[in-house]
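Residue strings, one per chain:
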Amino acid sequence: MDYYLNIGSNLGDRRDNLYRAVVALTAGRKYYAVSSIVESEPWGFESENGFLNVGLKLSSRMEPHKMLERIHRIERRLGSASHRDSEGHYVDRLVDIDIVAIGDLVIDTPSLQVPHPHLPERDFFLRPMMELAPDWRHPATGLTASEMLDAGLHG
């Protein structure tokens, strides 16, 4: 399965945080691709700290919920605390890794939604997807990342 991940950081040495996350996620893998870095404003909360984001495509036979568990372990190991405060609002973070898409799979469980429900709205998800998978189409809308950007659904 082709996993499309997005890694973001808005605290500390953001580039190094992205690098360490990519290294952890690709350890032992021969086939993967990394997008260009995208700079973005915080999404869903106010902060003076802008984000750097990078997309990562990797092939894996790992079951999606196991991959999500692996991602959460990597986030914790890299020092990232919860992405939300006690009231459920987004907060600044060292590393945030999201599963954006897994090929043409559609998953809708309490712990995992694929494609990511905010994919069409997030420029910092769409730009890396354009680079890593220009022909990929959202299984629900049939749109490519480029078409979603052109539609102006992102914020």
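Quick caveat, the model's predicted, so the values are computed rather than measured.

Rules of the game
- Residues numbered from 1 in each chain as written.
- Predicted model: local features only at pLDDT ≥ 70, side-chain atom pairs only at ≥ 80, totals over all residues.
- Heavy atoms only, no water.
- Helix = DSSP H or I, 4+ residues; strand = E, 2+ residues; numbered from the N terminus.
- Contact = heavy atoms within 4.5 Å.
- Buried < 20%, exposed > 50% of the residue type's maximum accessible area, 1.4 Å probe, protein only.
- Pairing = 2+ DSSP bridges.

Q: Can you help me understand the environment of A33 in this one?
A: Here A33 lies in strand 2 (residues 32–34). Those residues in contact with A33, other than ones at most four positions away along the chain, are G55, L56, K57 and L132.

Q: In this structure, what is going on with the pairing of strand 4 (residues 51–59)? I would like to understand it.
A: One face of the sheet, then the other: side chains in a regular strand alternate in exactly this way. Of all the nine residues making up strand 4, seven are buried; the element is thus mostly covered by neighbouring parts of the structure. For strand 1 (residues 2–9) and strand 4, the ladder comprises eight bridges, and the chain directions are antiparallel. Along strand 4, the bridge assignment pairs N6 with G55. Here strand 2 pairs with strand 4 via three bridges, running antiparallel. Opposite V34, over in strand 4, you have L56 as the bridge partner. Of the strand pairs in this sheet, strand 3 (residues 38–40) and strand 4 are connected by three bridges, and their pairing is antiparallel. Residue S40 lies in a different strand from strand 4, and its bridge partner there is F51.

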